[in-house]
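Close look at the chain arrangement
Each chain, letter by letter, is given below.
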Amino acid sequence: MKLGIVGLPNVGKSTLFNAITKAGAESANYPFCTIEPNVGVVSVPDSRLDELAKMYDPQKYTPAIIEFVDIAGLVKGASKGEGLGNKFLSNIREVDAIVHVVRCFDDTNVVHVDGGADPKRDIETIELELILSDMEIMEKRIEKTQKMMKGGDKSYAPILAVYEKIYACLSEEKPARSLEFDEEEFPIAKECQLISMKPVLYCANIAEDDIKNPDIPYVNTVKEIASKTQSEVVVISAKIEEELSQLEPEDRQMFLDDLGIDSAGLDKMIQASYKLLGLISFLTAGPQEVRAWTIKNGTKAPQAAGKIHSDFERGFIRAEVVAYDDLMACGTYAAAREKGLVRSEGKEYVMKDGDVVLFRFNV
């Protein structure tokens, strides 16, 4: 999973990126201090994997991973090249989802490109630039498809209809993700790789003093906007996350307890990202390795096996599955099998989050 962190300059993007990846990206109080996108890979926290590691004492421990891309601050006019905008917009096209960091605090010591915090204005500024960039792409696609149809090839008619549907939506300054597509339309729309079609996770960046009571007007504005396009929202303080990232695990938990926070912002972001993209994890466990694998919710057993190796999917025989909670309750895999909790599932089995599985195959 690849997430692109976007937002206006000086809203806390690089501070947040530093915190969640400990990559040390440059963070400064002036616009465009991020020129090339910084990339950081982080492990997905999963307590289930930790417990399986205690059970099996494996040689290898492999959590699922997420790649975060810190993309330089966009400004008004980015779609036309302002602030090196075209370069940054091309980077966003490569991600699975967008983490849109929105400044939800006032601070005269931190420069804001538009004078001061205003979540609604800031979100609309970024959203419009993404929409304008997509409009430019759709104009070219429509023009090219119309030329193909002039040659008498009617097979392009349904493609053109989808393109025009998207363009009409964008012309109303609405993101492409607000549209609904049927089974025939969706592959055509997806192939366009539109930025405004990507799911969005709004990250409301609040002041340290607001962390114990994040129910503030700025945050409520972000939540209201997100609800209109079924987007997700997490509320964090990038500054606190940065402080947390510099602590040892035991000190980190004490710090969270002192603040009255149940989990770190990274954990919240990952949970929200999985939900946004419809992802789940299945687990494999044994003396050699315990590992988490990320798949789409609704994935069947052979396709899940293919995540491990293409031979597993090609020669799939069956999946031996036990629910994580059942395995933990029994204490060992052998005890779970004795109680009949290890199931033999075939090709039509739909994987569930937390399945601990052993795939049988023959190639």
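Look a little higher up for the structure.
Let us look at the structure shown here. (Residues numbered from 1 in each chain as written. Predicted model: local features only at pLDDT ≥ 70, side-chain atom pairs only at ≥ 80, totals over all residues. Heavy atoms only, no water.)

**Observations regarding the side chain of N205**
To keep things clear, this is the line we draw: Where helices and strands are cited, they refer to DSSP runs of H or I of at least four residues and of E of at least two residues respectively, numbered from the N terminus. Whenever two N or O atoms come within 3.5 Å, that pair is a polar contact, provided that in protein one can donate a hydrogen and the other can accept it, and provided that, for residues adjacent in sequence, both atoms are side-chain atoms. Between two residues, a contact is recorded if the distance between any of their heavy atoms is within 4.5 Å.
In this fold, N205 is placed in strand β6 (residues 200–205). Engagement of the side chain of N205 in a polar contact is seen with the backbone nitrogen of A238, the distance being 2.9 Å. Ignoring anything within four residues of it in the chain, the contact list for N205 reads V11, G12, V101, V102, R103, C104, F105, I236, S237 and A238.

**Here we look at the pattern of salt bridges**
For the record, the criterion: The salt bridge definition used is simple: a Lys or Arg side-chain nitrogen within 4 Å of an Asp or Glu carboxyl oxygen. The buried label goes to any residue with under 20% of its type's maximum accessible area, the exposed label to any with over 50%, and the partly exposed label to all in between, with areas taken from a 1.4 Å probe on protein chains only.
Using the criterion set out here, one finds 23 salt bridges in the structure. Between K147 and E143 there is a salt bridge, and its shortest N-O distance comes to 3.8 Å. Taken together, the residues span about one helical turn, with K147 and E143 both in helix α4 (residues 119–150) at a distance of four residues. The exposed category is assigned to K147, whose relative accessible area is 56%. With a shortest N-O distance of 3.2 Å, R318 and E320 are connected by a salt bridge. Since its relative accessible area comes to 31%, R318 is described here as partly exposed. In the salt-bridge network here, residues are joined through shared partners; they are R318, E320, R337 and R360.

**Quick look at the packing of aromatic side chains**
Cut-off, in case you're wondering: Two aromatic rings, drawn from Phe, Tyr or Trp (for Trp, its six-membered ring), form a pair once their centres lie within 6.5 Å of each other, and the interplanar angle then sorts them: stacked below 30 degrees, edge-to-face above 60, tilted otherwise. Only when the NZ of Lys or the CZ of Arg is both within 6 Å of the ring centre and within 35 degrees of the ring normal is a charge said to sit over the ring.
All told, the structure shown has four aromatic pairs when counted by the stated rule. Here F282 and F359 contribute two aromatic rings whose centre-to-centre distance is 5.9 Å and whose plane-to-plane angle is 85°, an arrangement assigned as edge-to-face. In this pair, F282 is assigned in strand β8 (residues 279–285) and F359 in strand β12 (residues 355–361), connecting sequence segments 77 residues apart. Across this residue pair, the class does not change: F282 and F359 are buried. Site record: aromatic cluster; members linked through ring pairs are F282, W293, F316 and F359. The ring of W293 has R291 sitting right over it, with the charged end atom 4.0 Å from the ring centre.

**Details of the sheet that holds strand β1 (residues 2–6)**
To keep things clear, this is the line we draw: Only when DSSP finds a minimum of two bridges between them are two strands counted as paired. Under this scheme, a helix contributes an axis fitted over its contacting stretch, all axes are lines through C-alpha atoms, and angles between N-to-C directions fall in the 0 to 180 degree range.
Strand order in the open sheet formed by six strands is β2-β4-β1-β5-β6-β7, and the pairing between neighbours is mixed. Every interior strand has two partners, whereas the edge strands, β2 (38–43) and β7 (232–236), have only one. Across the sheet, the mean angle from the axis of one strand to that of its neighbour is 25°, orientation sign disregarded.

**Some thoughts on the packing of α4 against helix α7 (residues 217–227)**
Definition in use: When an angle is under 35 degrees it counts as roughly parallel; over 145 it counts as roughly antiparallel; between 65 and 115 it counts as roughly perpendicular; any other value is oblique. Any residue outside Ala, Val, Leu, Ile, Met, Phe, Trp, Tyr, Cys, Pro, Asp, Glu, Lys and Arg is labelled polar, Gly included; the first ten of those are nonpolar and the last four are charged.
Between α4 and α7, the least distance of the axes is 9 Å, while the angle of their chain directions is 40°. As far as their axial angle goes, α7 and α4 are oblique. Across from P119, K120 and I123 in α4, the residues of α7 making contact are Y218, T221, V222 and I225. When the residues that make up the contact of α4 with α7 are grouped by side-chain class, the tally is five nonpolar, one polar and one charged.

**Observations concerning the environment of V290**
Tracing the backbone through its elements, the reader meets V290 in strand β9 (residues 289–296). A relative accessible area of 0% means that V290 is categorised as buried. On a C-alpha basis, the gap between V290 and L49 in space is 6.8 Å, while along the polypeptide they are 241 residues apart. When sequence neighbours within four positions are dropped, the list of residues in contact with V290 reads L49, L52, A53, Y56, P58, K60, Y61, T62, T284 and A285.

**Description of the nonpolar core**
Here is the rule: Only buried Ala, Val, Leu, Ile, Met, Phe, Trp, Tyr and Cys residues count toward a nonpolar core, and they belong to the same one when joined by side-chain atoms within 4.5 Å.
The biggest cluster of nonpolar side chains holds 71 residues, and the ones touching the most others in it are F68 and M269. When residues of this core are assigned to their parent elements, the largest contribution, seven residues, is made by helix α10 (residues 265–277). Each residue touching F68, except ones within four places of it in the same chain, is listed here: L3, I5, F17, I20, T21, N38, V39, G40, V42, L266 and M269. Within the second largest apolar cluster, 16 residues are counted, among which are M135, F181, A189 and M197.

**Let's talk about helix α8 (residues 238–245)**
For α8, a buried count of six out of eight residues is recorded, marking the element as mostly surrounded by other parts of the structure. Listing the buried residues of α8 in full gives A238, I240, E241, E242, L244 and S245. At its buried positions, α8 is contacted by α1 (13–21), β6, β7, α9 (249–259) and α10.

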